[in-house]
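Chain by chain, the residues run as shown.
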Amino acid sequence: MQELINRAKELLADGTVARVLGWRAGDLPYNPEPAYFENAEELQDFVYNGFCGANLSKYMIEASKLEGKTLVCLKPCDTYSFNQLLKEHRVDREKAYIIGVGCKGKLDIEKIRKQGIKGIEHIDGAEIEDACDTLTIQTIYGEKSCAYKDAMLERCHVCKGKEHRIYDELIGDSADTTDADRFEEVRRIESMSPQEKFAFFQKELSKCIRCNACRNVCPACSCRKCVFDSTKFDSSQKANADSFEEKMFHIIRAFHVAGRCTDCGECSRVCPQGIPLHLFNRKFIKDINELYGEYQAGEDITADTPLTHFTFDDAEPGIVAERGKEHV
């Protein structure tokens, strides 16, 4: 982290960048937040550790409109999102100085709490230079511990890899944290009966409070005006009038990002209700892979997008109806 701060100070001092986009320490040890830093003094609050899970690529949409370059810290998975935004002409590469930061998996405070660890005061072992084997947690009830891998975000267990897809320089090492099947949960839901699937998603989506956190954090949700903010439709209201509206918001959002979602997992990470929203997107990704060929959004900026490019090998539209009949 100190190496990152020192390099940021150098680039600010020589005028290479006008600001730094990173993470600021929060009021608790496990909730750092995205922030801009305009000078060396402000960088005293800069932090980078295992809890800095926020994907900063979306913030570069607005940063691209500012004067001068913005130094942005991107983890390997974040670079896929930046590439996708670059492909869609939503960010300006000339306005970004990208430092690819090392990542050994990001932590989920809720996973720690689910292990019965409450009253957290301080956490050791979350720093990037640590071996990342064990977290030592000081609580009001005494010292607790848990394995680092048992506290990682779900997305880190199905990580796309430790290689940065775009950067100007690299600081820190990354680890391959993949130890699970990316589509295992999707296949489990696919094996359910139609009634079971409906019950599963009805239970999950009934928790939604329409806070819009998932939409606001999603790099693929980059429309200048969202359909759900339009005053021409009832969809702009926060409260769900009926159970259909509970599902409509998330289903429509999933369709809007289909073929563009990099599976960064931010939607599920920020959901205050703990809804596994990434499963919608991951189902689309799985289907796209099966129907149009393997494709990873944001991996290659020059690659054709499956849903906007036609080939004679593409599945015919009727395949959707045929597959639907198989599950009725």
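Residues numbered from 1 in each chain as written. Predicted model: local features only at pLDDT ≥ 70, side-chain atom pairs only at ≥ 80, totals over all residues. Heavy atoms only, no water.

**Comments concerning the nonpolar core**
In this structure, F46, Y48, L71 and F82 are the most contacted members of the largest nonpolar core, which totals 38 residues. Those residues in contact with Y48 that lie beyond four places of it in its chain are M1, L4, W23, K75, V101, G102, C103, K106, E127 and I128. I112, I120, C132 and I137 belong to the second largest nonpolar core, which has 18 residues in total. (Core = buried A, V, L, I, M, F, W, Y, C linked by side-chain atoms within 4.5 Å. Buried < 20%, exposed > 50% of the residue type's maximum accessible area, 1.4 Å probe, protein only. Contact = heavy atoms within 4.5 Å.)

**A few points about helix α11 (residues 278–292)**
In this model, α11 (15 residues) spans 21 Å end to end at C-alpha, consistent with the 21 Å of a helix rising 1.5 Å per residue. Burial analysis of α11 places 11 of its 15 residues in the buried class, the great majority of the element. Immediately beyond the C-terminal end of α11, within one or two residues, lies G293, with a positive phi of roughly 105°. (Helix = DSSP H or I, 4+ residues; strand = E, 2+ residues; numbered from the N terminus. Expected span 1.5 Å × (residues − 1).)

**Digging into empty space enclosed by the protein**
Counted according to the given criterion, the structure contains 5 cavities of 30 Å³ or more. There is about 200 Å³ of room inside the largest cavity. Every residue lining the largest cavity is counted, 20 residues in all, and those nearest its centre are C77, R155, C156, C159 and K160. For the lining of the largest cavity, the secondary-structure elements that each account for two or more residues are α3 (76–87) and α5 (154–157). Residue classes in the lining of the largest cavity are distributed as 8 nonpolar, 4 polar and 8 charged. There is about 160 Å³ of room inside the second largest cavity. What lines the second largest cavity is a set of 18 residues, among which C218, P219, A220, C261 and C264 lie closest to the centre. (1 Å grid on protein atoms, 1.4 Å probe; cavity = no way out; pocket = protein on both sides within 12 Å on 5 of 7 lines; lining within 4 Å. Points joined across faces, edges and corners; volume = space filled by probe spheres on them. Nonpolar A, V, L, I, M, F, W, Y, C, P; charged D, E, K, R; others polar.)

**Describing the sheet that holds strand β7 (residues 142–147)**
Pairing is antiparallel in the open sheet, where 3 strands are placed in the order β5-β6-β7. Every other strand in the sheet has two partners, leaving β5 (120–124) and β7 as the edge strands with one partner each. Mean inter-strand twist for the sheet, computed between neighbouring axes without regard to direction, equals 25°. Where β5 meets strand β6 (residues 134–139), 4 bridges bridge the pair, whose relative direction is antiparallel. Counterpart to H122 in the pairing with β6 is Q138. (Pairing = 2+ DSSP bridges. Axes fitted to C-alpha atoms, helices over the stretch in contact; angles between N-to-C directions.)

**Description of the side chain of S222**
The topology assignment puts S222 in the loop between α8 (213–217) and α9 (243–257). S222 sits in the buried class, given a relative accessible area of 8%. Those residues in contact with S222 that sit more than four places away from it in its chain are I61, L85, E88, R90 and R260.

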